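What follows is each chain in one-letter form.
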Amino acid sequence: MIHPDDIQFDEKGLVPAILQDAASKEVLTLAYMNREALALTLKTKEAWFYSRSRNQLWHKGETSGNVQKVVSVQTDCDRDAILVKVLPEGPACHQGTYSCFKEQPEDTAGRFQMINKLESVIAKKEAERPEGSYTAYLFDKGLDKILKKVGEEASEVIIAAKNRSAEELSNETADLLYHLFVLLREQKLPLDEVLRVLKDRNQ
């Protein structure tokens, strides 16, 4: 963690702070901190900002309950901007959306682009809990329901493989991967941690 003395605040005593989901890596919002907001963020491990329109401190999620649990805080090379990695407990945007930034067109480059997309979509559904969403339903039901689905889908993968059906195996593997990603999100475990283990095992 950094210290307020490390930061180059502007002439108004503010510094831009970017909130990023520590798990999905999605950029959530941009706000501003003064020295006190940064100190409170570091102390409470929850995001605090300074409102330029209201000229006062505000605790992110104080009224909505959508607090942002801080994982890490770091500066850029000039120390005049802050990156706050968080685990959001609900939408980050005041409009009730997961992120204040609109979805960008998919970059079709990269074999595993869909994996990144899936992680982001699941994080968004967990935060916003849209009505009629199966993903939101799983989060509402909780861990036991998610674990049951992971077990069921794993069994169906086995059956598909025994049937020697490529189409069936593709569908059931997709279902298993989806439910595993929901489980990782429920556990607040970034996919990066799983990939790190795989990397360590293959060195």
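Treat the numbers as computed from the prediction; the structure is a model and nothing was measured. (Residues numbered from 1 in each chain as written. Predicted model: local features only at pLDDT ≥ 70, side-chain atom pairs only at ≥ 80, totals over all residues. Heavy atoms only, no water.)

Visitor: Explanation requested: the sheet that holds strand 5 (residues 68-75) in the structure shown.
Guide: Think of a sheet as strands paired side by side through backbone hydrogen bonds, with each pair either parallel or antiparallel. The four strands are arranged 2-1-6-5 in an open sheet whose pairing can be described as mixed. Looking along the sheet, the strands with just one partner apiece sit at the ends: strand 2 (27-33) and strand 5. Across the sheet, the axes of successive neighbouring strands diverge by a mean angle of 25°, strand direction being ignored. Bridging between strand 1 (residues 15-21) and strand 6 (residues 82-88) involves five bridges; their strand directions are parallel. Bridging from a neighbouring strand, Gln20 pairs with Lys85 of strand 6. (Pairing = 2+ DSSP bridges. Helix = DSSP H or I, 4+ residues; strand = E, 2+ residues; numbered from the N terminus. Axes fitted to C-alpha atoms, helices over the stretch in contact; angles between N-to-C directions.)

Visitor: Can you walk me through the packing of helix 2 (residues 113-128) against helix 5 (residues 166-186) in this structure?
Guide: Packed helix pairs are characterised by how far apart their axes lie and by the angle those axes make with each other. Packing of helix 2 against helix 5 leaves a shortest axis separation of 10 Å and a crossing angle of 55°. Between helix 2 and helix 5, the angle is such that the two are oblique. By crossing handedness, the relation of helix 2 to helix 5 is classed as right-handed. Only Tyr178, Phe181, Val182 and Arg185 of helix 5 make contact with helix 2, whose side of the interface consists of Ile115, Leu118, Glu119, Ile122, Ala123 and Glu126. For the contact of helix 2 with helix 5, a count of residues per class yields seven nonpolar, no polar and three charged. (Parallel < 35°, antiparallel > 145°, perpendicular 65-115°, else oblique. Left-handed = near helix turned anticlockwise from the far one by under 90°. Contact = heavy atoms within 4.5 Å. Nonpolar A, V, L, I, M, F, W, Y, C, P; charged D, E, K, R; others polar.)

Visitor: I'm lost on the packing of aromatic side chains in this one. Help?
Guide: What characterises a pair of aromatic rings is the spacing of the ring centres plus the angle enclosed by the ring planes. In this structure the tally under the stated criterion is three aromatic pairs. Relative to Trp58, the ring of Phe49 lies with its centre 5.2 Å away and its plane at 45°, an arrangement referred to as tilted. Its relative accessible area of 23% is what places Trp58 among the partly exposed residues. Taken together, the aromatic side chains of Tyr134, Tyr137 and Tyr178 make up a single cluster linked through ring pairs. (Phe/Tyr/Trp six-rings, centres within 6.5 Å; stacked < 30°, edge-to-face > 60°. Buried < 20%, exposed > 50% of the residue type's maximum accessible area, 1.4 Å probe, protein only.)

Visitor: Which parts of the structure should I look at to understand the packing of helix 2 against helix 3 (residues 134-141)?
Guide: Axis separation between helix 2 and helix 3 bottoms out at 9 Å; the angle between their running directions is 60°. With respect to their mutual orientation, helix 2 and helix 3 come out oblique. Note that helix 2 runs across helix 3; the crossing there is right-handed. Mapping the contact onto sequence places Ile122, Lys125 and Glu126 in helix 2 and Thr135, Ala136 and Phe139 in helix 3. In the contact of helix 2 with helix 3, the residues fall into three nonpolar, one polar and two charged.

Visitor: It is not clear to me how the environment of Gln56 should be interpreted in this structure. Could you clarify?
Guide: Structurally, Gln56 is set in strand 4 (residues 56-59). Gln56 gets classed as partly exposed once you look at its relative accessible area, which sits at 39%. A C-alpha to C-alpha distance of 28 Å links Gln56 and Cys77, two positions 21 residues apart in sequence. Not counting chain neighbours up to four residues away, the residues in contact with Gln56 comprise Phe49, Tyr50 and Ser51.

Visitor: Help me understand the pairing of strand 6, please; the structure alone is not making it clear to me.
Guide: Looking along a regular strand, one sees side chains alternate from face to face of the sheet. With five of seven residues buried, strand 6 lies mostly within the body of the structure. Relative to strand 6, strand 5 runs antiparallel, the two sharing seven bridges. If you follow Ser72 over to strand 6, its bridge partner there is Lys85. As consecutive antiparallel partners, strand 5 and strand 6 are separated by six residues, and within that stretch Arg79 has a phi angle of approximately 60°, a positive value.

Visitor: Hey, could you run me through a nonpolar patch on the surface in this one?
Guide: Judged by side-chain polarity, Ile18, Val27, Leu30 and Phe101 come together as a nonpolar surface patch covering roughly 330 Å² of accessible area. Examined against the element boundaries, Phe101 turns out to sit in the loop between strand 6 and helix 2. (Patch = residues over 30% accessible without salt bridge, like charges linked within 9 Å, V, L, I, M, F, W, Y side chains within 5 Å. Areas by Shrake-Rupley, 256 points an atom, 1.4 Å probe, with all protein chains shown as cover. Salt bridge = Lys/Arg side-chain N within 4 Å of Asp/Glu carboxyl O.)

Visitor: Teacher, can you tell me more about helix 2 here?
Guide: Since the α-helix packs 3.6 residues into each turn, any two residues three or four apart lie on the same face. The end-to-end C-alpha separation of helix 2 is 23 Å, in line with the 22 Å expected for 16 residues at 1.5 Å each. Within the sequence span of helix 2, burial applies to Leu118, Glu119, Ser120, Ile122, Ala123, Glu126 and Ala127. Buried-residue contacts for helix 2 involve strand 1, helix 3, helix 5 and helix 6 (191-201). Arg129 occupies a position one or two residues after helix 2 and carries a positive phi of about 50°. (Expected span 1.5 Å × (residues − 1).)

Visitor: It is not clear to me how the pattern of salt bridges should be interpreted in this structure. Could you clarify?
Guide: Any two side chains of opposite charge can pair, so long as their charged atoms come close to each other. In the structure shown here, the tally under the stated rule is 12 salt bridges. Across the salt bridge formed by Lys69 and Glu46, the nearest N and O atoms sit 2.6 Å from each other. With Lys69 in strand 5 and Glu46 in the loop between helix 1 (35-44) and strand 3 (48-51), the pair connects residues that are 23 residues apart, well separated along the chain. Assessed through its relative accessible area of 31%, Lys69 is described here as partly exposed. Assessed through its relative accessible area of 14%, Glu46 is described here as buried. Asp140 is the partner of Arg129 in a salt bridge, and the nearest nitrogen-oxygen pair spans 2.6 Å. Linking Arg129 in the loop between helix 2 and helix 3 with Asp140 in helix 3, this pair joins segments that are 11 residues apart in sequence. Residue classification places Arg129 among the partly exposed residues on the basis of a relative accessible area of 36%. Salt bridges here are not isolated pairs; linked through shared partners, they connect Asp21, Glu126, Arg185 and Lys188.

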